[in-house]
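# An overview of the molecular structure
The chain contents come next:
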Amino acid sequence: MKLIIAVVQDQDSNRLSAALVEHNFRATKLASTGGFLKSGNTTFLIGTDDIRVDKALQIIKDNCQARDQLVTPVSPMGGNADSFVPYPVEVEVGGATVFVLPIEQFHNF
Amino acid sequence: MKLIIAVVQDQDSNRLSAALVEHNFRATKLASTGGFLKSGNTTFLIGTDDIRVDKALQIIKDNCQARDQLVTPVSPMGGNADSFVPYPVEVEVGGATVFVLPIEQFHNF
Amino acid sequence: MKLIIAVVQDQDSNRLSAALVEHNFRATKLASTGGFLKSGNTTFLIGTDDIRVDKALQIIKDNCQARDQLVTPVSPMGGNADSFVPYPVEVEVGGATVFVLPIEQFHNF
Ligand code: NI
Ligand code: NI
Ligand code: NI
């Protein structure tokens, strides 16, 4: 068996949870402060058979990979709204750091 | 040596801490948001000699195992208190997800 | 490759982050509640080649080791400020719990 530790951005966390459940992976999600204070990260602990490690990694990659996103800023508060021309700005979102570890025992009590 | 990673419900966290200390296990407890926002989980990192792994697992099981609990709801606010007959509802509480990992070094600085 | 899990006090967290970056270690820092509620801990996940494990441990020790600190209390509120003679009190701060684990795969998506 293996333990996969995956640290992902909060915004991808729910989607990753759903995809793991859909593919019958058991994941434990560690709470973090990110949820309400600022954008943070969530840590997934996934215990899996050796043969399904690649599938789990693919699911993490599919749902969390770093990508550029176009964000159109809203009109600036207090600025001259008439002359403000909003244009989209590219920001990088997502990304995951993933460790695969050997495991000797796994229990659900 | 082994590292035991145990994710337990917040409500069992203090009791587990006390039991581990009582049996001379060194545990590091990771903070989580669960404490004041909503019921969450706490992650224990326990470094231990191979020979004491079974004992640690037994302590975790004894203190955190999932169990049914009878909860009697209070009279509903704004409802007709005269006709409200409270009866106990069974909810599952507790539970632990536990990983045992090989470890190459353990340090306290 | 190895995974180093280091749990350190919040007050040492930023200094350790900077030192790890300076020496080209990739670290993932797990959020914790400690930051604004009370003094807590931060967990670092550091993936590194075997050959650099000792260097990483040295950096953690240098920046986080438990040490005594002299704290001079301020005049007590509501007390008799005239007769209050502040003297420094020694408190232990810092400290780190560190695990080094074998690792089979490491990915950044
Ligand atoms: Ni699929
Ligand atoms: Ni006992
Ligand atoms: Ni240096």
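Anyway, here's the lowdown on the structure attached to this text. Being a predicted model, the structure only gives us computed values, none of them experimental.

In this section: the pattern of salt bridges. Think of it this way: side chains of opposite charge can pair up when their charged atoms draw near. Per the stated rule, a full pass over the model turns up twelve salt bridges over all chains. In this structure, Asp12 of chain A engages Arg15 of chain A in a salt bridge whose closest nitrogen and oxygen atoms are separated by 2.8 Å. You can see Asp12 of chain A and its partner Arg15 of chain A sitting in helix H1 (residues 10-22), three residues apart, about one turn around the helix. Look at Arg15 of chain A and you get partly exposed, because its relative accessible area is 41%. Residue Lys2 of chain C pairs with Asp50 of chain C through a salt bridge whose shortest N-O separation is 3.0 Å. Of this pair, Lys2 of chain C sits in strand S1 (residues 2-9) while Asp50 of chain C is found in the loop between strand S3 (41-48) and helix H3 (53-64), placing the two residues 48 residues apart along the sequence. Overall, Lys2 of chain C belongs to the buried group, its relative accessible area being 11%.

The next thing to look at is a nonpolar patch on the surface. Together, Val71, Tyr87, Val89 and Val91 of chain A make up an exposed nonpolar region whose accessible area comes to about 340 Å². Within the secondary structure, Val89 of chain A is located in strand S5 (residues 89-93).

This part is about the relation of the copies chain C and chain B. Here chain C sits on chain B after a turn of 120 degrees about the axis and a move of 0.0 Å along it, with an RMSD of 0.1 Å. Here the copies are linked by what is in effect a three-fold axis.

In this section: the packing of aromatic side chains. Here the structure, examined in full by the defined rule, presents three aromatic pairs over all chains. Here the guanidinium or amino end of Arg52 of chain B rests over the ring plane of Phe25 of chain B, the centre of that ring lying 3.9 Å away.

For the rest of this paragraph, the subject is the sheet that holds strand S2 (residues 26-30) of chain B. The strand order S7(A)-S6(B)-S1(B)-S3(B)-S2(B) describes an open sheet built from five strands, whose pairing is antiparallel. Whereas interior strands pair on both sides, the edge strands pair on one side only; in this sheet they are strand S7 (105-108) of chain A together with S2 of chain B. Across the sheet, the axes of successive neighbouring strands diverge by a mean angle of 15 degrees, strand direction being ignored. Both strand S1 (residues 2-9) of chain B and strand S3 (residues 41-48) of chain B contribute to a ladder of eight bridges, which runs antiparallel.

The next subject is the interface of chain A and chain C. With 23 residues of chain A at the contact, the number on the chain C side is 19 residues. Interface of chain A and chain C: buried area, both sides summed, is about 1800 Å²; carbon and sulfur atoms make up 68% of it. Counting the contacts that link chain A with chain C gives one salt bridge. Summed over the shared surface of chain A and chain C, the result is seven residue pairs in polar contact (both at pLDDT 80 or more).

So, on to the side chain of Asn63 of chain B. Here Asn63 of chain B lies in helix H3 (residues 53-64). Within the local environment of Asn63 of chain B, its side chain forms a polar contact with the backbone oxygen of Ile59 of chain B, the two atoms lying 2.8 Å apart.

Right, let's get into the interface of chain C and chain B. Between chain C and chain B, the contact holds 23 residues from the first and 19 residues from the second. Between chain C and chain B, a total of about 1800 Å² is buried, with carbon and sulfur atoms accounting for 68% of that surface. In this structure, Lys2 of chain C and Glu104 of chain B form a salt bridge, with 3.4 Å as the shortest nitrogen-oxygen distance. Inspection of the chain C/chain B interface yields seven residue pairs in polar contact (both at pLDDT 80 or more). Those elements that place two or more of their residues in the side of chain C that touches chain B are S1, helix H2 (34-37), S3, H3 and strand S6 (96-102) of chain C. Counting residues per element, the side of chain C that touches chain B draws most heavily on S6 of chain C, which supplies seven residues. Considering only residue class, the side of chain C that touches chain B consists of 14 nonpolar, seven polar and two charged. With four bridges connecting them, strand S7 (residues 105-108) of chain B and S6 of chain C associate as antiparallel partners. Bridge assignment links Gln105 of chain B to a residue of S6 of chain C, and that residue is Val100 of chain C.

The next point concerns empty space enclosed by the protein. All chains considered together, the criterion is met by two cavities of 30 Å³ or more. The volume enclosed by the second largest cavity comes to roughly 100 Å³. As for the second largest cavity, its lining consists of Ile5, Leu30, Thr43 and Leu45 of chain A, Ile5, Leu30, Thr43 and Leu45 of chain B together with Ile5, Leu30, Thr43 and Leu45 of chain C. When residues of the lining of the second largest cavity are traced back to their parent elements, those giving at least two are strand S3 (41-48) of chain A, S3 of chain B together with S3 of chain C.

How each quantity is defined
- Residues numbered from 1 in each chain as written.
- Chains lettered and ligands numbered in written order.
- Predicted model: local features only at pLDDT ≥ 70, side-chain atom pairs only at ≥ 80, totals over all residues.
- Heavy atoms only, no water.
- Salt bridge = Lys/Arg side-chain N within 4 Å of Asp/Glu carboxyl O.
- Helix = DSSP H or I, 4+ residues; strand = E, 2+ residues; numbered from the N terminus.
- Buried < 20%, exposed > 50% of the residue type's maximum accessible area, 1.4 Å probe, protein only.
- Patch = residues over 30% accessible without salt bridge, like charges linked within 9 Å, V, L, I, M, F, W, Y side chains within 5 Å.
- Areas by Shrake-Rupley, 256 points an atom, 1.4 Å probe, with all protein chains shown as cover.
- Least-squares fit on C-alpha atoms with pLDDT ≥ 70 in both.
- Phe/Tyr/Trp six-rings, centres within 6.5 Å; stacked < 30°, edge-to-face > 60°.
- Lys NZ or Arg CZ within 6 Å of the ring centre and 35° of its normal.
- Pairing = 2+ DSSP bridges.
- Axes fitted to C-alpha atoms, helices over the stretch in contact; angles between N-to-C directions.
- Contact = heavy atoms within 4.5 Å.
- Buried area = accessible area lost by both parts, 1.4 Å probe.
- Polar contact = N/O pair within 3.5 Å; in protein donor to acceptor, adjacent residues only side chain to side chain.
- Nonpolar A, V, L, I, M, F, W, Y, C, P; charged D, E, K, R; others polar.
- 1 Å grid on protein atoms, 1.4 Å probe; cavity = no way out; pocket = protein on both sides within 12 Å on 5 of 7 lines; lining within 4 Å.
- Points joined across faces, edges and corners; volume = space filled by probe spheres on them.

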